[in-house]
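Report on the structure
Letter by letter, the chains look like this.
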Amino acid sequence: LKYLAARPDSGGGPAHARAAVALAFLAAGDEANGRRLALSWNQVPGPGTWSWGVAYQLITLSEYHLLTQDAAVLPTIKALVARLRQDQYDGRILVWGPGGVQGDYERIDASQQLYLGGFGHAPYVPGAGKNGYGPMQYTTILPVIAWQLAAAAGVKADPKGVANALDFIHRGTNEAGYVAYGGEFTLNNGYVDPVAWKKSTSGMNYVGRAGASLIAHKLSPEFGTSTTYFEKNRSYMKRAYRSLPDGHACSVLGFLWGLLGAAAAEDEALLRTMFDYHKAWFNMMRCHDGSFVVLPGRDYADGGYYISSRYHPTSVMALVLGTANPKLQIQGVQSKIAATAKAQKAAAALATAPPAPPKAPPPAPKPALTVRPEIVEQWHQRLIKKLDSLSKAGAKINFPMNGSENYLVRGADEKSLLVNIQGNDLPLPWKQLSLGSRLVLAKAAVREDDAETLLICAVLHAANGFGSEADDLFAKAALIDADSARAARAGLKQ
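Below is a short write-up of the structure. Quick caveat: nothing in here was measured; it's all calculated off a predicted structure.

Of the regular secondary structure elements, the chain holds 22 helices and 4 strands. Its C-alpha atoms give the chain a radius of gyration of 25 Å, near enough to 23 Å, the size a compact globule of 494 residues would have. Referenced to the eigenvectors of the C-alpha coordinate spread, the extents of the chain come out at roughly 85 × 50 × 50 Å. Within the chain, the proportion of its 494 residues that are buried is 53%. Looking at the chain alone, contacts between residues at least 24 apart form 66% of all its contacts between residues at least 6 apart. Total accessible area on the chain stands at roughly 22000 Å², and carbon and sulfur atoms take up 57% of it.

Below, the structure is given as structure tokens:
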């Protein structure tokens, strides 16, 4: 970050690098540089701008607005949302004429209709020979991420456009969760049976595309298929994690979206494997001045080593290393990397400690309480009511959402927790908060003279496997309201 801040021109360059630098500053809490770069991009691009640039600009401005609530970027966000919809493959698709691809043209024409919802490099213009080889997965995934971030900022895209884009992504994702380059139906290498391809379980490379797809689906919970594809992408990432540095045209795409996807995957083992396996790779990228440089990739068309400035990989590494204290939606704000690192450090210390002298065997532990999901949900609803009533009564409840930073709780409802971040009240959806995070909230809300807060905290301790702590809290609650404590404990299954 110091390297980037010392070079004012680091925020220029092509859209992918420009976005990464601005987002790195925003994620690091450097509001001055983040604001400067975001506002320098607060203009609507001209017609014909490649979809890469429009999507990356919309991602950047949306994340900026979500962090700062700066209304100055909203008109541009609205224009970019509309521009992406105009750029999308829509209507009856014409890319390949009768002489464009060898084979039965009726079959070829049916296949090119599967381009519906996709995005290519440039905006779609109907006509044979006007669109290269057609749409691709990355250029379709990025608009979905951008549209959904804009929706979180209050600017909703056309639902049909989002649905069609997701359908295109699904047609390019096989049973194993592998995400194709363009789709099985790009046709530039001839006809491929789309049904047979989608049923296949092949693929061991380009894990970055699966990571980007995972984020797009995580940001799209309103679509019923999102959970299925989230799981497919996560499963594929576990299988193909070694391909992180692989990327067509530029390998930086792979380790940006691969690692951000792993951070959003709600699987700490996967994220830990990604970082550990590629530790040597990242160290070889490091330069003496704090920057990172792209290394030659393994794809035949990877030109990142020759075309990328140091600004791009340096800002990408700032973003992915910053997932320990995530601030951006694309970083996975529910990430618990910091807690994982702490736990691993403690485990390593235990592993290297000298053996302790023999002791008398400890008493057999009590069986841990197992809390049924429906009981957890009941107490979650009680937590919502209690948080909302306490915060509205003026109580200060500090939630350490990002590492050491405490965010003030301002309210709660069925959908989200309202927290104050950098002077702005922002909703944090409950779906982004793990059971462990809800326990942290319950502990922050405990009032020693309030049986309800003690019981909520006790149940959530039990649900997270902390039986002894739960017992202590039940006992404290019983001193205030014995009947309520007895009823709460009776409701938990042994």
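Our next topic: the pattern of salt bridges. Scanning the entire structure with this criterion turns up 20 salt bridges. One salt bridge connects R35 with E31, and the closest N-O pair in it is separated by 2.5 Å. Remark: E31 and R35 occur in helix α3 (residues 31–40); sequence separation between them is 4 residues, near one turn of the helix. R35 sits in the partly exposed class, given a relative accessible area of 29%. Where E452 meets R382, a salt bridge forms, and the shortest distance between an N and an O atom there is 2.8 Å.

Here we take up the environment of S220. Positionally, S220 belongs in the loop between α10 (207–218) and α11 (226–240). The spacing of S220 and L166 is 54 residues in sequence and 9.2 Å in space, taken between C-alpha atoms.

Within the largest apolar cluster, 87 residues are counted, with the highest numbers of intra-cluster contacts made by I145 and W257. Beyond its immediate chain neighbours, meaning those up to four positions away, I145 contacts I59, A212, I215, A216, L219, W257 and I330. Listed in part, the 40 residues of the second largest apolar core include F399, Y407, A470 and F474.

You will see that A249, though not glycine, has its phi angle at about 75°, which is positive. Of note, A249 is situated in the loop between α11 and α12 (252–264). Residue A249 is classed as partly exposed on the basis of its relative accessible area of 38%. Despite not being glycine, E266 has its phi angle at roughly 60°, a positive value. Its place among the elements puts E266 in the loop between α12 and α13 (268–277).

What follows deals with the packing of helix α21 (residues 467–480) against helix α22 (residues 482–490). Packing of α21 against α22 brings their axes to within 6 Å, and their N-to-C directions diverge by 145°. Residues D471, F474, A477, A478 and I480 of α21 lie in contact with α22, whose contacting residues are A482, A485, A488 and R489. In the contact of α21 with α22, the residues fall into 7 nonpolar, no polar and 2 charged.

This part is about the pairing of strand β4 (residues 424–429). What you see with β4 is a clean split: N424, L426 and L428 sit on the buried side and D425, P427 and P429 on the side with no burial. Sheet topology places strand β3 (residues 416–421) next to β4; 6 bridges connect them, and they run antiparallel. Looking at the pairing, L417 lines up with L428 of β4.

Analysis parameters
- Residue numbers restart at each chain and count upward from 1, following the sequence in its written direction.
- Whole-chain, interface and lining totals are the exception, using all residues; otherwise, since this is a predicted model, local features are given only for residues with pLDDT of at least 70 and side-chain atom pairs are given and counted only at 80 or more.
- Values reported for side chains reflect all heavy atoms of the structure, with hydrogen atoms and water molecules removed beforehand.
- Secondary structure elements follow DSSP: runs of H or I of four or more residues count as helices, runs of E of two or more count as strands, with numbering from the N terminus.
- Each radius of gyration reported is based on C-alpha atoms, and the globular scaling rule is 2.2 Å times the count of residues to the power 0.38.
- Residue burial is assigned from relative accessible area. The probe radius is 1.4 Å, only protein chains are included, and a residue is buried under 20% of its type maximum, exposed over 50%, and partly exposed in between.
- By definition, residues are in contact when any of their heavy atoms lie within 4.5 Å.
- Only the protein chains shown count as cover for residues, and the accessible areas themselves come from Shrake-Rupley with a 1.4 Å probe.
- The working definition used for a salt bridge is a side-chain nitrogen of Lys or Arg within 4 Å of a carboxyl oxygen of Asp or Glu.
- Remark: nonpolar core denotes a set of buried residues (Ala, Val, Leu, Ile, Met, Phe, Trp, Tyr, Cys) joined through side-chain atoms within 4.5 Å.
- Convention adopted: a line fitted to C-alpha atoms gives each axis, helices being fitted over their contacting stretch, and angles between N-to-C directions are expressed from 0 to 180 degrees.
- In this count, Pro and Cys sit with the nonpolar residues alongside Ala, Val, Leu, Ile, Met, Phe, Trp and Tyr, while Asp, Glu, Lys and Arg are called charged and the others, Gly among them, polar.
- Here, strands pair whenever DSSP counts at least two bridges between them.

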